[in-house]
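The lines below spell out each chain.
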Amino acid sequence: SHVGLLVDAGGQLSAEQAMAQSAAWQRINQPSPNFGFTQAAHWFRFRLDNLDSVPLSRYIELPIPFIDDVQLFHNAAGQRRAQYHLGDEFAFDQRGFKNQNFVMPVTLLPGENLILIRLASSGTIEAPLRVWDPLAFQQANDHEKLVQGAVAGILLVMVFYNLFVYLATRERSYLYYIGFVASYMLFHFTLTGYTFAYVWPNAVRWNSFAISTCMAAATLFSGLFTSHFLRLREFSRPAWRIMQASNAFAGTLVLATFVLPYGLTVRVGAALTLPVATAALTLGYWRWVKGATFARFYCLAWTAALIGLAVLNASKLGLIETNFWTSNAHQLGVVLLVVLLSFTLADRINHDRAARVRAQEQALAH
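All of these numbers come straight from a predicted model, not from anything done at the bench.

*Asks:* Go over the overall build of the chain, please, and point to the residues and values.
*Replies:* Within the chain, the secondary structure is distributed over 11 helices and 11 strands. With respect to the principal axes defined by its C-alpha atoms, the chain has extents near 95 × 40 × 40 Å. Counting every position in the chain, which comprises 366 residues, the buried fraction comes to 49%. As presented, the chain carries roughly 18,200 Å² of accessible surface, and 62% of it is formed by carbon and sulfur atoms. Looking at the chain, you have 27 positive and 21 negative side-chain charges, and the mean spots of the two groups are 12 Å apart.

*Asks:* Pulling in residues and values, what's your account of the nonpolar core?
*Replies:* In summary, soluble globular proteins display a tendency toward joint burial of nonpolar side chains. In this structure, L119, Y177, Y298, W302 and L341 are the most contacted members of the largest nonpolar core, which totals 73 residues. Discounting residues that sit within four places of it in the chain, Y298 has contacts with F225, T226, F229, L230, A280, G284, L341 and T344.

*Asks:* Explain the side chain of S342 to me, using residue names and the numbers behind them.
*Replies:* Tracing the sequence through the fold places S342 in helix α11 (residues 329-365). Assessed through its relative accessible area of 6%, S342 is described here as buried. Here N162 takes part through its side chain, which lies 3.4 Å from a polar atom of the side chain of S342. Once residues lying within four places of it in the same chain are set aside, the contact partners of S342 are M158, Y161, N162 and Y177.

*Asks:* Hey, could you go over the sheet that holds strand β11 (residues 130-132) for me, with residue numbers and the actual values?
*Replies:* In space, the three strands of this open sheet follow the order β8-β5-β11, with antiparallel pairing throughout. Bordering the open sheet on either side are β8 (102-108) and β11, each of which pairs with just one other strand. Taken over all neighbouring pairs, the strand axes of this sheet differ in orientation by 30° on average, direction set aside. Sheet strands touched by helix α2 (residues 134-169): β5 (56-62), β8 and β11. Its angle to β5, the strand with the most contacts, is close to 35°.

*Asks:* An account of the sheet that holds strand β1 (residues 4-8) is requested, with residue identities and associated values reported.
*Replies:* One open sheet accounts for six strands, arranged β2-β1-β4-β9-β6-β7; its pairing is antiparallel. A strand with exactly one partner marks an edge of an open sheet, and here the two such strands are β2 (26-27) and β7 (79-86).

*Asks:* Hey, could you go over the pairing of strand β4 (residues 41-50) for me, with residue numbers and the actual values?
*Replies:* Across the 10 residues that make up β4, a large majority, seven, are buried. Across five bridges, the pairing between β1 and β4 is antiparallel. Directly across from G4, in β4, lies its bridge partner R45.

*Asks:* Give a detailed account of a nonpolar patch on the surface, specifying residues and quantitative values.
*Replies:* A surface patch of nonpolar side chains, amounting to about 420 Å² of accessible area, comprises L156, F160, F164 and L167. Note on placement: F164 falls in helix α2. Residue F164 is classed as exposed on the basis of its relative accessible area, which comes to 59%.

*Asks:* Any details on the pattern of salt bridges? Residues and values, ideally.
*Replies:* One side chain can pair with another of opposite charge once the charged atoms of both are near each other. If you walk through the whole model with that rule in mind, you get six salt bridges. Here R47 ties to D49 by a salt bridge, and the two come within 3.0 Å at their closest N and O atoms. For D49, a relative accessible area of 39% gives the class partly exposed. D69 is the partner of R118 in a salt bridge, and the nearest nitrogen-oxygen pair spans 3.4 Å. Within this pair, whereas R118 is found in strand β9 (residues 111-120), its partner D69 is found in strand β6 (residues 69-76), the two being separated by 49 residues in sequence. For R118, a relative accessible area of 9% puts it in the buried group. Taken together, the salt bridges that share partners define one network made up of R47, D49 and E112.

*Asks:* Provide a residue-level description of the environment of D69, including the pertinent values.
*Replies:* Relative accessible area serves as the criterion here: at 17%, D69 is assigned to the buried category. Counting along the chain gives 49 residues from D69 to R118, while the straight-line C-alpha distance between them is 7.7 Å. For D69, the residues in contact, after removing those within four places along its chain, are H85, L86, G87, R118, L119 and A120. Here H85 takes part through its side chain, which lies 2.9 Å from a polar atom of the side chain of D69. One polar contact links D69 to R118, side chain to side chain, over a distance of 3.4 Å.

*Asks:* Go over helix α3 (residues 172-191), please, and point to the residues and values.
*Replies:* Compared with an ideal rise of 1.5 Å per residue, which puts 20 residues at 28 Å, α3 spans 29 Å between its outermost C-alpha atoms and is within 8% of the ideal. Burial analysis of α3 places 15 of its 20 residues in the buried class, the great majority of the element. Looking one or two places after α3, you find G193, whose phi comes out positive at around 90°.

*Asks:* For the packing of helix α7 (residues 237-256) against helix α8 (residues 262-289), give the residues involved together with the corresponding values.
*Replies:* It is the contact of α7 with α8, at a shortest axis distance of 11 Å, that shows an interaxial angle of 155°. Classified by the angle between their axes, α7 and α8 sit roughly antiparallel to one another. Like other packed secondary-structure pairs, α7 and α8 cross with a definite hand, here left-handed. Residue-level inspection shows A239, M243, S246, F249, A250, L253 and A256 of α7 in contact with α8, the latter providing T265, V268, G269, L272, V276, A279, L283 and W286.

*Asks:* Any chance you could break down the side chain of T124 for me, citing the residues and the numbers?
*Replies:* Along the chain, T124 falls in strand β10 (residues 124-126). The buried category is assigned to T124, whose relative accessible area is 14%. Not counting residues up to four positions away in its chain, the partners in contact with T124 are G36, F37, F66 and I67.

Reading the values: the criteria
- Residues numbered from 1 in each chain as written.
- Predicted model: local features only at pLDDT ≥ 70, side-chain atom pairs only at ≥ 80, totals over all residues.
- Heavy atoms only, no water.
- Helix = DSSP H or I, 4+ residues; strand = E, 2+ residues; numbered from the N terminus.
- Buried < 20%, exposed > 50% of the residue type's maximum accessible area, 1.4 Å probe, protein only.
- Areas by Shrake-Rupley, 256 points an atom, 1.4 Å probe, with all protein chains shown as cover.
- Lys, Arg positive; Asp, Glu negative; His and termini not counted.
- Charge placed at Lys NZ, Arg CZ, Asp CG, Glu CD.
- Core = buried A, V, L, I, M, F, W, Y, C linked by side-chain atoms within 4.5 Å.
- Contact = heavy atoms within 4.5 Å.
- Polar contact = N/O pair within 3.5 Å; in protein donor to acceptor, adjacent residues only side chain to side chain.
- Pairing = 2+ DSSP bridges.
- Axes fitted to C-alpha atoms, helices over the stretch in contact; angles between N-to-C directions.
- Patch = residues over 30% accessible without salt bridge, like charges linked within 9 Å, V, L, I, M, F, W, Y side chains within 5 Å.
- Salt bridge = Lys/Arg side-chain N within 4 Å of Asp/Glu carboxyl O.
- Expected span 1.5 Å × (residues − 1).
- Parallel < 35°, antiparallel > 145°, perpendicular 65-115°, else oblique.
- Left-handed = near helix turned anticlockwise from the far one by under 90°.

Here you go:
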């Protein structure tokens, strides 16, 4: 509520021209500003008052690492004190402050300090800006990396464990499961900036569309897993055909992300994820109700993931309090999804083994 907003539809205004548009500036009413997919540039301005008699060091952080163009202008005492031009279209090594997010240090002079920020991107425009004391930032950043490291560790363990199981059993469901977990892991850590910081810091072109590619791949593998694990071909031909059509579309989208504009493919991919996840959950409960007990963990897994996503959205909309658990609800939900799906695969193998034993016993009895 202390930040002014100016929407530059043409994206041509300079910092001086934006400041001169006094009548066009408006207040922000969102607790976490999110303007969705837009081609317009967005300007933000706010004042930081240094009440001390000596300069103060502060960090201004934009924790949205997939913005294409990020510019900051710091004015104080009638002069330009600092200026930054960042974005995910620049190699990571070009950043003065090495962090997965956009972090811009400023030195606040005694008195009024004006901060002007310009954001433009082919994807969404989000601006949950933060102003940090350097020590507090370091502590929070260490805690954040600890959480993300734990998530990465769990997902990697599940990938390699189930890879060994697949090599031993040759059960195709394990292959689809591995593809889903690996794709989601790359999607999540690209979305949070960690892959650009630590895995491909100089692959600017790939990083520019990796989010849409990994999202489409995760959707594809989740659909393949659902179709094969629930045995939809034997259970319901119409449901199987619908999932096959969805999988074909997702597979085409994966290839399209390499040639079509990111703004288009990420929109299509985002629109596809919810129907596929809903279909996966609905079909799972349908199989469970119809007597397929091996679908129980499958249903619990997808329910946990969707609840985590719902809690995150509720906190973003201000419907519930934002804290550590609500902010990380989607990650907790996905970790539960991955772990429970692994249990699901083991449960179905045990179910199939028990069915074969019963069939052998009946054959011997006859």
